[in-house]
Amino acid sequence: MLRSLAVVVFGSLTSLANVAAAGTVSGKLELPTAPERPPAATRGFLDRVENPLAPARSVPVTTEMIVVLEGAKPSSPGQVTWELVGESFSKRVIGAPVGAEVLIKNVSRTARTLVAAEDAKLIPSGPVNPTGNKSFRPSEPRIYTVGDKDAPHLKGVLVIVDSPYVANVDDSGKFEIDNVAEGSYKLRVFYKNAWLDGTTDVTVSSKSKTEVNPKVPALPVASGKK
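Owing to the predicted nature of the structure, the values given are computational and were not obtained by experimental measurement.

## Description of the overall build of the protein
- Scanning the protein from N- to C-terminus turns up 1 helix and 16 strands.
- The buried share of the protein, reckoned over its 226 residues, is 35%.
- Once local pairs closer than 6 in sequence are excluded, the contacts in the protein between residues at least 24 apart make up 65%.
- When the accessible surface of the protein is summed, it comes to about 13900 Å², and 53% of that surface belongs to carbon and sulfur atoms.

This is how it looks when you write it as structure tokens:
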């Protein structure tokens, strides 16, 4: 019994030591010039013209980006929440570690039947009703395109990564990842539906904040075709 107690205490101390040795990785992506707006996918009665009173906003790109630190395996991946808001997802692109519980919460007023194009069995069948949810645990690194066949405009990208360290990027390109264990990592950037070329080396020390400002290569231009 004393031996068992000693093992439990040692395990707890080891866990606390790992937490104490964790640091924070934050930074801001050095973004390239935003790609031009793609041509209209559908044509109305009039051709699209530039607004003479105010310039058109540049194409938002950070809303479709995530950053990942590669070099560690998920151990307790926890839960990642992805919300349905109105006619879209709260985040167009979201990342989750392998084995994490992905919880899709419907906070809109419309029921949706969601399916991953790459694996029809990934999401439990049946609609996600307003205030309801669906959860599942992806078991391998993969990119999933999630949508509702009755709402072609509703598309989201779920990126499953073999790392516990993944974060979204805010409008200005900033990101932050907490509780990163000491060690050396490779930072990668995902945009829209694919990984961008290149990685950035990141070294994390205990109880410190590591700043890194990766330079993002030129972004692919959308064709405007469906």
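## Remarks on the pattern of salt bridges
- Evaluation of the coordinates by the stated rule reveals 9 salt bridges.
- Between Glu87 and Arg112 there is a salt bridge, with the nearest N and O atoms lying 2.7 Å from each other. One end of the pair, Glu87, is in the loop between strand E3 (79-85) and strand E4 (88-89); the other, Arg112, is in the loop between strand E6 (101-106) and strand E7 (115-116), with 25 residues separating them in the sequence.
- In this structure, Glu176 engages Lys209 in a salt bridge whose closest nitrogen and oxygen atoms are separated by 3.3 Å.

## A word on unusual backbone geometry
- One non-glycine residue, Thr131, adopts positive backbone phi at about 70 degrees.
- Mapping Thr131 onto the fold places it in the loop between E7 and strand E8 (133-136).
- Overall, the relative accessible area of 75% leaves Thr131 in the exposed class.

## Regarding the sheet that holds E4
- With mixed pairing, 4 strands are arranged side by side in an open sheet as E4-E3-E6-E8. The open sheet is flanked by E4 and E8, the only strands paired with a single partner.
- As defined by bridge partners, E6 adjoins E8 across 4 bridges and the pair is classed as antiparallel. Paired with Ile104 across the strands is Lys134, a residue of E8.

## Considerations on the sheet that holds E7
- Pairing is mixed in the open sheet, where 4 strands are placed in the order E5-E10-E9-E7. Two strands lie at the open edges of the sheet, namely strand E5 (93-97) and E7, each paired on one side alone.
- Bridge count between E7 and strand E9 (residues 142-148): 2 bridges; the pairing is antiparallel. Looking at E9, one finds that Ala116 is bridged to Val146.

## Side note on the nonpolar core
- In this structure, Met65, Val67 and Leu69 are the most contacted members of the largest nonpolar core, which totals 23 residues.
- Those elements giving two or more residues to this core turn out to be strand E2 (65-70), strand E11 (165-168), strand E12 (174-180), strand E13 (183-191) and strand E15 (200-204).
- In terms of residue count, the dominant contributor to this core is E13 (4 residues).
- Leu69 has contacts with Val25, Ser163, Tyr165, Ile177, Val180, Tyr185, Lys186, Leu187 and Val202, leaving out every residue within four places of it along the chain.

## Topic: the confidence of the model for the protein
- Here the protein averages 85 in pLDDT, while 81% of its residues score no lower than 70.
- Confidence drops under pLDDT 50 across residues 1-20; counting only partners more than four residues distant or on other chains, this segment forms 2 contacts.

## A look at the environment of Asn133
- Tracing the sequence through the fold places Asn133 in strand E8.
- Take Asn133: its relative accessible area is 45%, and that puts it in the partly exposed class.
- Beyond its immediate stretch of four places on either side in the chain, Asn133 contacts Leu103, Ile104, Lys105 and Val128.

What counts, and at which threshold
The residue count restarts for each chain, going from 1 along the sequence in the order it is written. With the structure being a predicted model, the display of local features is reserved for residues of pLDDT at least 70 and the display and counting of side-chain atom pairs for 80 or more, all residues being used for whole-chain, interface and lining totals. The side-chain values count all of the structure's non-hydrogen atoms but skip hydrogen atoms and water molecules. Helix numbering and strand numbering both begin at the N terminus, where a helix is a DSSP run of H or I of at least 4 residues and a strand a DSSP run of E of at least 2. Relative accessibility under 20% of the residue-type maximum defines a buried residue, over 50% an exposed one, and the middle range a partly exposed one, all with a 1.4 Å probe and only protein chains included. Any two residues whose heavy atoms approach within 4.5 Å at even a single point are treated as in contact. Computed with a 1.4 Å probe, the accessible areas rest on the Shrake-Rupley method; for each residue, only the protein chains presented here act as cover. In the sections that follow, a salt bridge refers to a side-chain nitrogen of Lys or Arg positioned within 4 Å of a carboxyl oxygen of Asp or Glu. A pair of strands is treated as paired once DSSP finds two or more bridges between them. In these notes, a set of buried Ala, Val, Leu, Ile, Met, Phe, Trp, Tyr and Cys residues joined through side-chain atoms within 4.5 Å is what counts as a nonpolar core. A residue's pLDDT is the predictor's confidence in that residue, given on a scale from 0 to 100.

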